[in-house]
Amino acid sequence: MAYFVSSALLLFLVIDPLGNIPLFLSATKSLEPRRRQHVIARELLASLVIMVLFFFLGSWFLTMLHITSPALSVGGGLILMFIAVKMVFPTSAGSINEDIKGEPFIVPMAVPYMAGPSILATEVILVHQSGDKWPILLGALGAAWLVGSIILMGAGWLQRVLGTKAVTAIERLMGMVLVLISAQMLLTGIGEFVQGQ
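Everything numeric here is computed off the predicted structure, so don't read it as measured data. (Residues numbered from 1 in each chain as written. Predicted model: local features only at pLDDT ≥ 70, side-chain atom pairs only at ≥ 80, totals over all residues. Heavy atoms only, no water.)

**Remarks on the nonpolar core**
- Counting 48 residues, the largest nonpolar core has Ile 21, Met 51 and Leu 178 as the members making the most contacts within it.
- Sorting the residues of this core by element identifies α1 (2–15), α2 (17–27), α3 (33–65), α4 (69–88), α5 (109–114), α6 (117–129), α7 (134–153) and α8 (155–196) as the ones contributing at least two each. (Core = buried A, V, L, I, M, F, W, Y, C linked by side-chain atoms within 4.5 Å. Buried < 20%, exposed > 50% of the residue type's maximum accessible area, 1.4 Å probe, protein only. Helix = DSSP H or I, 4+ residues; strand = E, 2+ residues; numbered from the N terminus.)

Spelled out as structure tokens, the structure:
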């Protein structure tokens, strides 16, 4: 149970639904409210399909490239660290503010907003490190996606109720937690490499 919760929390932090709220609202600003909810639901389902496909195929891809576990841990830790720093210290250049005309389809909402490189890389790392626990990891991915989807389905309401400053403050707090997780992954990878020498 503890492994499920920790994995789901990590995946949820990387998906970063709070950070995606303004992106989703911007991508659907030209749509009617009812149509917006339909489009968001469709894009979230598409992102789940992509994440599940990568969940099963990503580890095979790494095996083909002969990437070792220490390299994966260090690489994954670095990726998460960059994501965490961006969450804690957001920049105007880092925020994607595309002028999307018409109704978005797959890009950019499903990919890369929801199923971006960071979550796909994190999936591969978790599966590679604990392949025998893949059913638990798949359940954790589903739980993280579900909670993130609920938040994004209520994006407009959350932004009105909490306000932009509160959403940003919560996202930065989540980024701090992700910094600690990424540091642990880096230390684990370095430790595995040293022991293997």
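**A word on the pattern of salt bridges**
- Here the structure, examined in full by the defined rule, presents three salt bridges.
- In this structure, Glu 103 engages Arg 35 in a salt bridge whose closest nitrogen and oxygen atoms are separated by 2.8 Å. A residue pair is termed long-range when its members are at least 10 positions apart, and Glu 103 in the loop between α4 and α5 and Arg 35 in helix α3 qualify at 68 residues.
- Judged by its relative accessible area of 34%, Arg 35 falls in the partly exposed class.
- Of the charged contacts in the structure, one is a salt bridge between Arg 42 and Glu 43, with a shortest N-O distance of 3.0 Å.
- On the accessibility criterion, Glu 43 (1% relative accessible area) is buried.
- Look at the salt bridges and you will find they share partners, linking Arg 35, Arg 42, Glu 43 and Glu 103 into a network. (Salt bridge = Lys/Arg side-chain N within 4 Å of Asp/Glu carboxyl O.)

**Re α8**
- End to end, α8 covers just 47 Å across 42 residues, shorter than the expected 62 Å (1.5 Å per residue, more than 12% under).
- The largest bend in α8 comes to about 95 degrees, at Gly 163.
- All of the buried residues in α8 are Ala 155, Leu 158, Val 167, Glu 171, Met 174, Gly 175, Leu 178, Ser 182, Met 185, Leu 186 and Gly 189.
- Looking at the buried side of α8, the elements it contacts are α1, α2, α4, α6 and α7. (Expected span 1.5 Å × (residues − 1). Bend = angle between axes of the 7 residues up to and from the residue. Contact = heavy atoms within 4.5 Å.)

**Focus on the environment of Gly 139**
- Structurally, the position occupied by Gly 139 is in helix α7.
- Look at Gly 139 and you get partly exposed, because its relative accessible area is 32%.
- Once the C-alpha coordinates of Gly 139 and Val 5 are considered, the two residues, 134 residues apart in sequence, prove to be 9.9 Å apart.

**Brief notes about α1**
- Look at α1: 20 Å from first C-alpha to last across 14 residues, which is about the 20 Å you get at 1.5 Å a residue.
- Restricting attention to buried positions, one finds in α1 the residues Ser 7, Ala 8, Leu 10, Leu 11, Phe 12, Leu 13, Val 14 and Ile 15.
- Looking one or two places after α1, you find Asp 16, whose phi comes out positive at around 55 degrees.

**A look at the environment of Gly 102**
- Inspection of the secondary structure assignment puts Gly 102 in the loop between α4 and α5.
- For the pair Gly 102 and Lys 29, spaced 73 residues apart in the sequence, the C-alpha separation amounts to 9.5 Å.

**Observations concerning the packing of aromatic side chains**
- Evaluation of the coordinates by the stated rule reveals three aromatic pairs.
- A centroid spacing of 6.3 Å and a plane angle of 40 degrees characterise the contact between Phe 24 and Tyr 113, whose relative ring orientation is tilted. Placement of Phe 24 in helix α2 and of Tyr 113 in helix α5 is noted, with a sequence separation of 89 residues between them. In this structure, Phe 24 and Tyr 113 share a single accessibility class: buried.
- Pairing Phe 55 with Phe 56 gives two aromatic rings, centres 5.2 Å apart and planes at 80 degrees, and the pair type is edge-to-face.
- Classification of Phe 56 by relative accessible area gives partly exposed; the value is 44%.
- Aromatic ring contacts, followed pair by pair, group Phe 55, Phe 56 and Trp 134 into a single cluster.
- One residue, Lys 133, lies across the ring of Tyr 3, its end atom 4.5 Å from the ring centre. (Phe/Tyr/Trp six-rings, centres within 6.5 Å; stacked < 30°, edge-to-face > 60°. Lys NZ or Arg CZ within 6 Å of the ring centre and 35° of its normal.)

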